[in-house]
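Listed here are the chains, written in short residue letters.
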Amino acid sequence: MSYSVHVLQAGYSRLEEGVMRANCTCTLVKGPATLIVDTLTAWDKEVVMAGLAREGVACDDVKYAIGTHGHSDHLGNLNLFTAATHIVGFTVCHKDQFFLHPFETGEPYKIDECVQVIPTPGHTTADVSVVVKTAQQGTVVIAGDLFEREEDILDPSLWRHTAGSENPEAQEKHRCEVVLLGDHIVPGHGPMFRVTEAMKEMARKGKLGPP
Ligand SMILES: [Zn+2]
């Protein structure tokens with residue numbers, strides 16, 4: 001059983017003349033189960049379709065379509081994936097069926113031995129991250145806006161204030177847990193980055209940030 005993680009489009013966020021320009025990082029997970037995580041804005045259907053085509057994946061191959069949290073720039077194209085189970089934040093559904101899962105208690109949602117969805121609230125009160133064990137990339141955590149981008153490790157104002165955090169204490173705790181768990185992190189609005197030993201050292205002390 002072997003998985004791999006492919007960023008279809010790296011996200012961004014920047015202030016331009018008083019307007020926040022932002023789109024999320026859209027990620028495909030290929031393996032025994034196919035997953036797509038964070039599907040860009042509603043205006044990006046062609047971007048999603050082109051990304052899937054590059055990877056040789058059809059919409060109906062996708063078994064899980066996941067929005068890491070309930071913000072519109074992460075949910076725009078869920079309706080391309082009608083064969084999939086949808087997970088948005090702490091909610092799991094297919095058509096009009098909602099499957100209760102106790103994310104609130106910290107319980108992971110296991111897809112198989114290599115893939116699980118874990119609760120990582122903070123940015124909103126119901127964020128999730130997708131943890132994938134891969135052969136080539138080690139453990140990859142697709143973390144949504146738990147991390148804005150790699151630079152927010154040394155500049156916490158990026159996640160605390162620019163992106164905004166509904167529960168900064170919870171977010172800080174889950175950021176440290178994810179750094180200790182992962183070899184690579186896919187953030188909400190930037191390219192995938194490698195977790196360094198320096199990051200893990202900070203996380204062991206319970207705080208990521210400038211020395
Ligand atoms: Zn976002």
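In this text, all values refer to a predicted model and were calculated from it rather than measured experimentally. (Residues numbered from 1 in each chain as written. Predicted model: local features only at pLDDT ≥ 70, side-chain atom pairs only at ≥ 80, totals over all residues. Heavy atoms only, no water.)

Enquirer: I'm lost on the sheet that holds strand S7 (residues 85-88) in this one. Help?
Expert: Each strand in a sheet pairs with another by means of backbone hydrogen bonds, the pair being arranged parallel or else antiparallel. The mixed open sheet is built from seven strands, whose spatial order is S1-S4-S5-S6-S7-S8-S9. In this open sheet, the two strands that pair with only one neighbour each are strand S1 (4-9) and strand S9 (97-99). Across the sheet, the mean angle separating the axes of adjacent strands is 20° when strand polarity is ignored. The pairing of strand S5 (residues 35-37) with strand S6 (residues 64-67) spans three bridges and is parallel. Counterpart to Leu35 in the pairing with S6 is Tyr64. (Pairing = 2+ DSSP bridges. Helix = DSSP H or I, 4+ residues; strand = E, 2+ residues; numbered from the N terminus. Axes fitted to C-alpha atoms, helices over the stretch in contact; angles between N-to-C directions.)

Enquirer: Please explain the UniProt feature "domain: Metallo-beta-lactamase" (unreviewed entry) in the protein chain as it appears in this structure.
Expert: Per the UniProt annotation, the sites labelled "domain: Metallo-beta-lactamase" (unreviewed entry) are residues 23-189. Split by type, residues 23-189 is 18% helix and 28% strand. Its first and last C-alpha atoms lie 7 Å apart. (UniProt positions renumbered as here; feature names shortened; annotations may be inferred.)

Enquirer: Would you mind showing me how to read the coordination of the zinc ion here?
Expert: Where a metal carries four tetrahedral donors, each ideal angle is 109.5 degrees; where it carries six octahedral donors, the ideal angles are 90 or 180 degrees. In this structure, His74 (NE2), Asp145 (OD) and His189 (NE2) serve as the protein donors to the zinc ion, at separations of 2.0 to 2.1 Å. Sequence positions of the residues that donate to the zinc ion give the spacing H-x70-D-x43-H. Taken together, the positions of His74 in the loop between S6 and S7 and Asp145 in the loop between strand S13 (139-144) and helix H2 (157-162) put the pair 71 residues apart, joining distant regions of the chain. (Donors = N, O, S within 2.8 Å, 3.2 Å for Na, K, Ca; no water.)

Enquirer: Quick question: what am I supposed to make of helix H3 (residues 168-181) here?
Expert: Structural remark: α-helix, 3.6 residues per turn; residues separated by three or four positions point the same way. The end-to-end C-alpha distance of H3 is 20 Å, a good match for the 20 Å that 14 residues give at a rise of 1.5 Å each. Here the buried face of H3 lies against strand S11 (115-119), S13, H2, strand S14 (184-187) and helix H4 (197-204). (Expected span 1.5 Å × (residues − 1). Contact = heavy atoms within 4.5 Å.)

Enquirer: Which parts of the structure should I look at to understand the pattern of salt bridges?
Expert: In a structure, side chains of opposite charge can pair up when their charged atoms sit close to one another. Evaluation of the coordinates by the stated rule reveals 11 salt bridges. Measuring nitrogen to oxygen at the nearest pair gives 3.1 Å for the salt bridge that ties Arg175 to Asp152. Placement of the pair is Arg175 in helix H3 and Asp152 in the loop between S13 and H2, with a sequence separation of 23 residues. Since its relative accessible area comes to 0%, Arg175 is described here as buried. Here Glu177 ties to Lys173 by a salt bridge, and the two come within 3.5 Å at their closest N and O atoms. Taken together, the residues span about one helical turn, with Glu177 and Lys173 both in helix H3 at a distance of four residues. Where salt bridges share partners, they join Arg14, Glu16 and Arg21 into one cluster. (Salt bridge = Lys/Arg side-chain N within 4 Å of Asp/Glu carboxyl O. Buried < 20%, exposed > 50% of the residue type's maximum accessible area, 1.4 Å probe, protein only.)

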